[in-house]
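Chains, contacts and geometry: an overview
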Amino acid sequence: MKGRFILNKRFDGYLLISDMDGTLIDNSGKISDKNIEAIKKFQNYGGKFGVATGRTIESAKKYISKLPVDMPAILYNGAKIYDFNKDAVLFEVALEDKIKEIIKEVKKYDSTLGLEIYSDENTYIYNPCRFTERFKKRGYGIYYEVPEEVWQQKWTKVLIVGEEEQIDYIEENFEKIFEKINLIRSGENYLEILPEETSKGSTLKILCKELGTDILKVAAAGDNMNDYEMLMNVGYGFGVSNGSKKLLKDCKYICAANDEHAIENVVDWMFKNL
């Protein structure tokens, strides 16, 4: 019995953190049974599992409810920590007020870019494009007008969406055209404006401190540049093989693609090497 107890605590003090879209979630929008079973296996040996995503509470919840999550989630690419088990916000930061004027200038500069405002757990389409139509398939409420009072509220993030070439250009030239702000690329068509000095990595440090966990005992997986700081800060940072080339070139570890049970692959590695 004593030997079995020690075995089951093998990963006591370790965390496994996964990005959602493009990592934990496959290209058909599902989380594989193999990923879920691997997470449970890791937990049976003392580890804890959580997610770090750009998603809102509502959009993450439909997946969280299917997962054996046993720690708070990092949302909005680091702007919020939310405990789904307690239905409580544990940490949040807001965008600087100057961003409200900047996105007005972005709209004037290129009226074909989609602009989305995230405030008070609501999503407002400030400027539509074909990518902002994706919400119509997701089954939750989106506001296609921005009421005047929203401009007085605190904002969590702004999402700039458009064709890949558009986003490439605006990302590369944003500081020259407008001014320097915290921009994070979260996909080919997505460029996010976050509060200053905010990222999944910076917020994971806060969460680890709250949990009393050494960040060097964290394994994390992600697919895009919004995962960069997280993967560089943890002890074991895995880029999924379907991830952006810019991210993968700096990752110490590479795991299977999101369509090939990436998290199962990470857990298997941990059992073999830790």
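Everything discussed here concerns the structure shown above.
The structure contained in this document is the topic of the report that follows.

What counts and how
- Residues numbered from 1 in each chain as written.
- Predicted model: local features only at pLDDT ≥ 70, side-chain atom pairs only at ≥ 80, totals over all residues.
- Heavy atoms only, no water.
- Helix = DSSP H or I, 4+ residues; strand = E, 2+ residues; numbered from the N terminus.
- Rg over C-alpha atoms; globule rule 2.2 N^0.38 Å.
- Buried < 20%, exposed > 50% of the residue type's maximum accessible area, 1.4 Å probe, protein only.
- Contact = heavy atoms within 4.5 Å.
- Pairing = 2+ DSSP bridges.
- Axes fitted to C-alpha atoms, helices over the stretch in contact; angles between N-to-C directions.
- Disulfide = S-S within 2.5 Å.

**Thoughts on the overall build of the protein chain**
Helix and strand counts for the protein chain stand at 9 helices and 13 strands. Against the compact-globule benchmark of 19 Å for 274 residues, the protein chain has a radius of gyration of 19 Å, which places it among compact chains. The dimensions of the protein chain, computed from C-alpha atoms along their principal axes, are 70 × 35 × 35 Å. By the burial criterion, 55% of the 274 residues in the protein chain qualify as buried. Restricting to contacts in the protein chain with at least 6 residues of sequence separation, those with at least 24 account for 57%.

**Let's talk about the pairing of strand 7 (residues 122-127)**
A large share of strand 7 lies buried, amounting to 5 of its 6 residues. Note that strand 6 (residues 114-119) and strand 7 share 5 bridges and pair antiparallel. Residue pairing across strands places Ser119 opposite Asn122, the latter belonging to strand 7. Where strand 6 folds back onto strand 7 in an antiparallel hairpin, the turn is made up of 2 residues, including Asp120, whose phi is positive at roughly 55 degrees.

**Remarks on the sheet that holds strand 3 (residues 73-75)**
Across the sheet, 3 strands lie side by side as 3-4-5; this open sheet has antiparallel pairing. Looking at which strands have only one partner, the edges of the open sheet turn out to be strand 3 and strand 5 (88-92). In this sheet, adjacent strand axes meet at a mean angle of 30 degrees when their direction is disregarded. Bridge count for strand 4 (residues 80-83) against strand 5 is 4 bridges, and the pairing is antiparallel. Residue pairing across strands places Tyr82 opposite Val89, the latter belonging to strand 5.

**Some points on the state of the cysteines**
According to the stated counting rule, one finds 0 disulfides in the structure shown. There is no disulfide at Cys251, and the cysteine sulfur nearest it, in Cys255, is 8.8 Å away. Judged by relative accessible area, which is 11%, Cys251 ranks as buried.

**Side note on the sheet that holds strand 12 (residues 236-240)**
On the basis of which strands lie adjacent, the open sheet formed by 5 strands has the order 2-1-11-12-13 and parallel pairing. Edge strands, defined here as strands with exactly one partner in the open sheet, are strand 2 (48-51) and strand 13 (253-255). Geometrically, the sheet is characterised by an average inter-axis angle of 25 degrees between neighbouring strands, direction not taken into account. Where strand 1 (residues 15-18) lies against strand 2, 4 bridges are found, and the strand directions are parallel. Bridge assignment links Leu15 to a residue of strand 2, and that residue is Lys48.

Treat this as a map of the structure, not an account of what it does.
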